[in-house]
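Chain by chain, the residues:
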Amino acid sequence: MPDLTPQLRRVGVLCAGLESDPGLRAEIESGGFPGRGWAELADAIRAGAPRELAALLDAIDEAAGETGLDGVTDPTREFRPLPDGGPGVRTVTGWRCPQPHRCGRVELEGSPQCAVTGDALAWISVDSR
């Protein structure tokens, strides 16, 4: 019997995202995932069909990508809705690498330093405009 573990991890990430954001399903559908695809996904989960699951989950990721969403089924990059979910300008703040060629590290708390250079991380604020 084929190993379903990778697909089931992806289903778990999707399930958590759908539960935490009531608009996620509609957003995925607006990206091109057909409404009947949800029933097909449920059937593939119940049947334990790894190829069908992988194909449907890939289609969900592709549709989500069409709407600018990322990580809706990826267990290493998780989709999380922004607080209060409404429209408007959002501001995200945190500490990031201070170097001209940044590593991508971001910390949300404390006043951290780069473990390689010893430089303090730089405070940033990004608006969603």
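This write-up is about the structure you can find in this document. (Residues numbered from 1 in each chain as written. Predicted model: local features only at pLDDT ≥ 70, side-chain atom pairs only at ≥ 80, totals over all residues. Heavy atoms only, no water.)

1. So, the nonpolar core
In step 1: Grouped together as the largest cluster of nonpolar side chains are 18 residues, with contacts concentrated most on Leu14, Ile28, Phe33, Trp38, Leu41 and Ile60.
In step 2: For this core, the secondary-structure elements that each account for two or more residues are α1 (5–20), α2 (24–30), α3 (37–47) and α4 (50–66).
In step 3: When residues in this core are grouped by element, the largest group, 6 residues, is from α4.
In step 4: Residues contacting Ile28, with those up to four places away along its chain left out, are Leu14, Phe33, Trp38, Ile60, Ala63 and Ala64. (Core = buried A, V, L, I, M, F, W, Y, C linked by side-chain atoms within 4.5 Å. Buried < 20%, exposed > 50% of the residue type's maximum accessible area, 1.4 Å probe, protein only. Helix = DSSP H or I, 4+ residues; strand = E, 2+ residues; numbered from the N terminus. Contact = heavy atoms within 4.5 Å.)

2. Here's the deal with the pattern of salt bridges
In step 1: Under the counting rule described, the total for this entry stands at 4 salt bridges.
In step 2: For the salt bridge of Arg36 with Glu40, the shortest nitrogen-to-oxygen distance reads 3.6 Å.
In step 3: For Glu40, a relative accessible area of 36% corresponds to the partly exposed category.
In step 4: Two residues, Arg46 and Asp43, come together in a salt bridge whose shortest N-O distance is 3.7 Å. Pair noted here: Arg46 and Asp43 are both in helix α3, with a separation of 3 residues, about one helical turn.
In step 5: On the basis of relative accessible area, Arg46 is assigned to the exposed category, the value being 68%.
In step 6: Exposure remark for Asp43: the relative accessible area of 48% places this residue in the partly exposed category.
In step 7: One network of salt bridges, in which partners are shared, links Arg10, Asp58 and Asp61. (Salt bridge = Lys/Arg side-chain N within 4 Å of Asp/Glu carboxyl O.)

3. With respect to the packing of α1 against α4
In step 1: Relative to each other, α1 and α4 sit at 40°, their axes nearing to 10 Å. As judged from the angle between their axes, α1 and α4 are oblique. By crossing handedness, the relation of α1 to α4 is classed as left-handed. Facing α1, whose interface residues are Gln7, Leu8, Arg10, Val11 and Leu14, α4 presents Pro50, Leu53, Ala54, Leu57, Asp58, Ile60 and Asp61.
In step 2: Broken down by class, the residue content of the contact of α1 with α4 amounts to 8 nonpolar, 1 polar and 3 charged. (Axes fitted to C-alpha atoms, helices over the stretch in contact; angles between N-to-C directions. Parallel < 35°, antiparallel > 145°, perpendicular 65-115°, else oblique. Left-handed = near helix turned anticlockwise from the far one by under 90°. Nonpolar A, V, L, I, M, F, W, Y, C, P; charged D, E, K, R; others polar.)

All quantities given are derived from atomic positions and should not be read as evidence of function.
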